[in-house]
Amino acid sequence: MIKVLLVDDQNLIRQGLKALLELEPDLEIVGEAENGETAINLIEQLHPDVVLMDIRMPIMDGVAATREIHQRFSNIQILVLTTFDNDEYVTAALHNGAMGYLLKDTPSEELAVAIRAVHKGYTQLGPGIVKKLLTQFPPVVPNNSPPPPPSLAELTPREKEVLRLIATGATNKEIAQQLYISEGTVKNHVTNILNRLNLRDRTQAAIFANSFLSYLN
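What counts, and at which threshold
- Residues numbered from 1 in each chain as written.
- Predicted model: local features only at pLDDT ≥ 70, side-chain atom pairs only at ≥ 80, totals over all residues.
- Heavy atoms only, no water.
- Helix = DSSP H or I, 4+ residues; strand = E, 2+ residues; numbered from the N terminus.
- Buried < 20%, exposed > 50% of the residue type's maximum accessible area, 1.4 Å probe, protein only.
- Contact = heavy atoms within 4.5 Å.
- Areas by Shrake-Rupley, 256 points an atom, 1.4 Å probe, with all protein chains shown as cover.
- Arc of directions from axis to C-beta.
- Axes fitted to C-alpha atoms, helices over the stretch in contact; angles between N-to-C directions.
- Parallel < 35°, antiparallel > 145°, perpendicular 65-115°, else oblique.
- Nonpolar A, V, L, I, M, F, W, Y, C, P; charged D, E, K, R; others polar.
- Pairing = 2+ DSSP bridges.
- pLDDT = per-residue confidence, 0-100.
- UniProt positions renumbered as here; feature names shortened; annotations may be inferred.
- Left-handed = near helix turned anticlockwise from the far one by under 90°.
- Right-handed = clockwise from strand over helix to strand, strands pointing away.

Our focus in this paragraph is the overall build of the chain. Helix and strand counts for the chain stand at 10 helices and 5 strands. When burial is assessed residue by residue, the chain has 46% of its 217 residues classed as buried. Long-range contacts, defined here as pairs at least 24 residues apart, represent 68% of the contacts in the chain between residues at least 6 apart. On the chain, roughly 11200 Å² of surface is accessible, and the fraction owed to carbon and sulfur atoms is 51%.

Let us now look at helix α4 (residues 88-95). Those residues of α4 that sit buried are Val90, Thr91, Ala93 and Leu94. On an axial view of α4, the arc spanned by its buried residues comes to 160°, and they lie on one face.

Attention shifts here to the packing of helix α7 (residues 157-167) against helix α9 (residues 183-197). Packing of α7 against α9 brings their axes to within 10 Å, and their N-to-C directions diverge by 90°. Here α7 lies roughly perpendicular to α9, going by the angle between them. Residue-level inspection shows Arg158, Glu159, Val162, Leu163 and Ile166 of α7 in contact with α9, the latter providing His189, Val190, Asn192, Ile193, Arg196 and Leu197. Partitioning the contact of α7 with α9 into residue classes produces 6 nonpolar, 2 polar and 3 charged.

On to the sheet that holds strand β3 (residues 50-54), then. What the 5 strands build is an open sheet, ordered β2-β1-β3-β4-β5; its pairing is parallel. The sheet terminates laterally at β2 (27-33) and β5 (100-103), the two strands that pair on one side only. Geometrically, the sheet is characterised by an average inter-axis angle of 25° between neighbouring strands, direction not taken into account. Bridge count between strand β4 (residues 77-82) and β5: 4 bridges; the pairing is parallel. What sits directly across from Thr82, in β5, is Leu103. Along the sheet face, helix α5 (residues 108-119) touches β1 (2-7), β2, β3, β4 and β5 and points at about 150° away from the line of β4.

Looking now at the environment of Gly97. One can find Gly97 in the loop between α4 and β5. The contacts of Gly97, once residues within four sequence positions are left out, are Thr66 and His70.

A few words on the confidence of the model for the chain. The predicted model of the chain averages 85 in pLDDT, with 89% of residues at 70 or higher. Scored below 50 in pLDDT, residues 140-144 makes 1 contact in the model with residues more than four places away or belonging to other chains.

This part covers the side chain of Ser151. Mapping Ser151 onto the fold places it in the loop between α6 (127-136) and α7. Excluding anything up to four places from it in sequence, Ser151 contacts Arg196 and Leu197.

The next thing to look at is the UniProt feature "modified residue: 4-aspartylphosphate" (unreviewed entry) in the chain. UniProt feature "modified residue: 4-aspartylphosphate" (unreviewed entry): in the numbering of this structure it lies at Asp54. Within the element layout of this structure, Asp54 appears in strand β3. According to the relative accessible area criterion, Asp54 is buried, its value standing at 4%.

Before going further, it helps to spend a moment on the packing of α7 against helix α8 (residues 172-179). Closest axis-to-axis distance for the α7/α8 pair is 10 Å, and the angle between their directions is 130°. Considering the angle they form, α7 stands oblique to α8. Crossing hand, α7 versus α8: right-handed. Listed contacts from α8 to Arg158, Glu161, Val162, Leu165 and Ile166 of α7 are Ile175, Gln178 and Leu179. Residue composition of the contact of α7 with α8, grouped by class: 5 nonpolar, 1 polar and 2 charged.

With that settled, consider the pairing of β4. With 6 of its 6 residues buried, β4 lies for the most part within the structure. Burial along β4 is two-sided: Gln77, Leu79 and Leu81 facing one way and Ile78, Val80 and Thr82 facing the other are all buried. Bridge count for β3 against β4 is 5 bridges, and the pairing is parallel. Its bridge partner being in β4, Val51 is matched across the sheet by Ile78. For the handedness criterion, the β-α-β arrangement of β3, helix α3 (residues 62-72) and β4 is classed as right-handed.

Printed below as a string of structure tokens:
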């Protein structure tokens, strides 16, 4: 059972999240907090596995709370919930230990999947943040850079197309629209790409693709 703490200053949002997540047999809502300070106090009592953290809150916002929780309770994973995926606060929370972020209108089944993923140590980053991170940390490719790994040659032409689009921060839906294929097919391609290149998530795939972009043409 994964123990979850909900942190949001809006009671209606907390109640809605609780009602949806309690339908999942492996998730347990152990507490609720209206700001970061209350969340930290509850963590000391409840020892949750995952914290769903709002960003903009009174008294102590999600960035400050994430920083303190990460420093004091390193075994607890934090998943940020936000209204806008280009929020500067989200980037700050990620730099301070959050494992990823989701928009507040994310479907409940996707939210449950994300909670399970961060509980296992996987990141959950949306396209808006991927683009921003790639801008902040552009790949450095020296003139004498090594050739790409042999596994790159194992990708099919279609998988290379998908990987190039991942590098731009495109979502599965956007990739499907551009390549005229279904989202399910895109998901299968993404899974194959990650497995063949031994990458953990889309962020690693995007950074990898930008490093070897000339080999994807």
